[in-house]
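# Architecture at a glance
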Amino acid sequence: MPVVPSIRALNRAEIGLAVEWAAAEGWNPGLADAGCFATVDPAGFLVAEVDGAPAAVISVVNYDPRFAFLGFYIVRPDLRGQGIGFRLWQAGLDHAGARTIGLDGVVAQQANYASQGFAFAHRNIRFTGTPEAGEMGETVDLAQVPFAAIEASDAEVFPAPRAAFLKAWITAPGHVGRAVLREGRLAGWGVVRPARTGWKIGPLVAEEAEVADSLFRVLRAAAGSGPIVLDVPEPNAPALALARRHGLSPVFETARMYRGSLRPARLEPVYGVTSFELG
């Protein structure tokens, strides 16, 4: 018989639970991810409880009245197959309302997501490896770039405004952001952050492959030694080439899927996805 859980929103202090479960699944979250994620829509982090203990988590964060993103969909291993996850899934979709919803689905769940009305858009491929030492090229601290320019660049590649999240992401402890300026104009930017294992680069946004390569080298230098993780949209061939050129290898993939109509966003400048959990 299906187990009927109680469902509630996690408070800000509890959002770390979802991150810890993601780490246990091998998703290698960043060390400051929980605080950054909480800036978007704290009410969008839900937990299903059985006998007063967490049984499943999900996030469906509402970015604006038109777009939401789903992530952290995890059921405790010993309670899987009992209907708990699906009840929580439905509560998450209810939180999004009529919004278009995006997600990055692991291979095992893609058919289930399709049955719930999510359509395949493209693959994202996670690359990891230990590149050669980077170099501090002709880049500037991202904090020196007017925030309006960063926000405008992000608006080209992400289908909803996310000012609060970007500000938190750029300034979070341990995060390093760099930018390339051409004649005073923002030509590319990126952030590297410490993760449970190594460092993750994301976002990495650039108008040209040469700019993306310069930023990758600088962010690698900022990270120091150790593995680097880069999540690459498969349709961006220059981004795939960048990852391989720096000695990174594919380790797994997700499917970016959407339910509902989507505001146009460009993939060509995206050399590194910000986060599989929040888009």
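Relevant structure appears above.
First, a word on scope: everything that follows refers to the structure included in this document. Computed from a predicted structure; not experimentally measured. (Residues numbered from 1 in each chain as written. Predicted model: local features only at pLDDT ≥ 70, side-chain atom pairs only at ≥ 80, totals over all residues. Heavy atoms only, no water.)

### A few points about the environment of Leu 240
As for its placement among the helices and strands, Leu 240 is situated in helix 8 (residues 237-245). Through-space distance from the C-alpha of Leu 240 to that of Tyr 271 is 8.0 Å; in sequence the pair is 31 residues apart. Excluding residues that lie within four positions of it along the chain, Leu 240 makes contacts with Ile 125, Phe 127, Val 232 and Glu 234. (Helix = DSSP H or I, 4+ residues; strand = E, 2+ residues; numbered from the N terminus. Contact = heavy atoms within 4.5 Å.)

### Looking at the packing of helix 7 (residues 209-223) against helix 8
Contact geometry of helix 7 with helix 8 gives a least axis separation of 10 Å together with a crossing angle of 35 degrees. Here the hand of the crossing between helix 7 and helix 8 comes out right-handed. Together, Ala 209, Ala 212, Asp 213 and Phe 216 of helix 7 and Pro 238, Leu 242 and Arg 245 of helix 8 make up the contact between the two elements. Class assignment of the residues belonging to the contact of helix 7 with helix 8 gives a composition of 5 nonpolar, no polar and 2 charged. (Axes fitted to C-alpha atoms, helices over the stretch in contact; angles between N-to-C directions. Left-handed = near helix turned anticlockwise from the far one by under 90°. Nonpolar A, V, L, I, M, F, W, Y, C, P; charged D, E, K, R; others polar.)

### Describing the packing of aromatic side chains
Under the counting rule described, the total for this entry stands at 15 aromatic pairs. Here the aromatic cluster, defined as three or more aromatic residues joined through ring pairs, consists of Phe 37, Phe 45, Phe 72, Phe 165 and Trp 169. Between the NZ or CZ atom of Arg 162 and the centre of the ring of Phe 158, over which it lies, the distance is 3.8 Å. Directly above the aromatic system of Phe 147 lies the positively charged group of Lys 167, at a separation of 5.1 Å from the ring centroid. (Phe/Tyr/Trp six-rings, centres within 6.5 Å; stacked < 30°, edge-to-face > 60°. Lys NZ or Arg CZ within 6 Å of the ring centre and 35° of its normal.)

### So, the packing of helix 5 (residues 147-157) against helix 6 (residues 163-171)
The relative placement of two packed helices is expressed as an angle between their axes plus a distance between the axes. Contact geometry for helix 5 and helix 6: axes closest at 11 Å, N-to-C directions at 115 degrees. Where helix 5 crosses over helix 6, the handedness of that crossing is right-handed. Where helix 5 approaches helix 6, its residues Phe 147, Ile 150, Glu 151 and Asp 154 are matched on the opposing element by Ala 163, Leu 166, Lys 167 and Ile 170. Among the residues making up the contact of helix 5 with helix 6, the classes are represented as 5 nonpolar, no polar and 3 charged.

### A look at the nonpolar core
In this structure, Phe 45, Tyr 63, Phe 72, Leu 142, Trp 189 and Leu 278 are the most contacted members of the largest nonpolar core, which totals 43 residues. Among the elements of the structure, helix 1 (16-24), helix 2 (33-37), strand 2 (45-50), strand 3 (53-62), strand 4 (67-75), helix 5, helix 6 and strand 9 (185-194) are those that each provide at least two residues to this core. Per element, the largest residue contribution to this core is 5 residues, and it comes from helix 6. Excluding residues within four positions of it along the chain, Phe 72 makes contact with Ala 18, Val 19, Ala 22, Trp 27, Phe 37, Phe 45, Val 57, Ile 58, Ser 59, Glu 277 and Leu 278. Within the second largest apolar cluster, 24 residues are counted, among which are Trp 199, Ile 228, Ala 243 and Tyr 271. (Core = buried A, V, L, I, M, F, W, Y, C linked by side-chain atoms within 4.5 Å. Buried < 20%, exposed > 50% of the residue type's maximum accessible area, 1.4 Å probe, protein only.)

### Details of helix 7
With 15 residues, helix 7 ought to run about 21 Å at 1.5 Å a step, and its terminal C-alpha atoms sit 21 Å apart, in line with that. Within helix 7, the full set of buried residues consists of Val 211, Ala 212, Asp 213, Leu 215, Phe 216, Val 218, Leu 219, Arg 220 and Ala 223. If you follow the buried residues of helix 7, they end up packed against strand 8 (176-182), strand 9, strand 10 (199-206), strand 11 (228-233), helix 8 and strand 13 (270-272). Gly 224 sits one or two residues past helix 7 and shows a positive phi near 80 degrees. (Expected span 1.5 Å × (residues − 1).)

### So, the side chain of Arg 256
Residue placement: Arg 256 occurs in strand 12 (residues 249-259). Under the relative-accessibility criterion, Arg 256 is labelled buried at 7%. In terms of polar contacts, Arg 256 uses its side chain to reach the side chain of Asp 104, at 2.9 Å. Separated by 3.1 Å, the side chains of Arg 256 and Tyr 258 make a polar contact. Setting aside chain neighbours within four positions, we find Arg 256 in contact with Phe 69, Leu 103, Asp 104, Ala 119, Phe 120, Ala 121, His 122, Asn 124, Val 273 and Gly 279. (Polar contact = N/O pair within 3.5 Å; in protein donor to acceptor, adjacent residues only side chain to side chain.)

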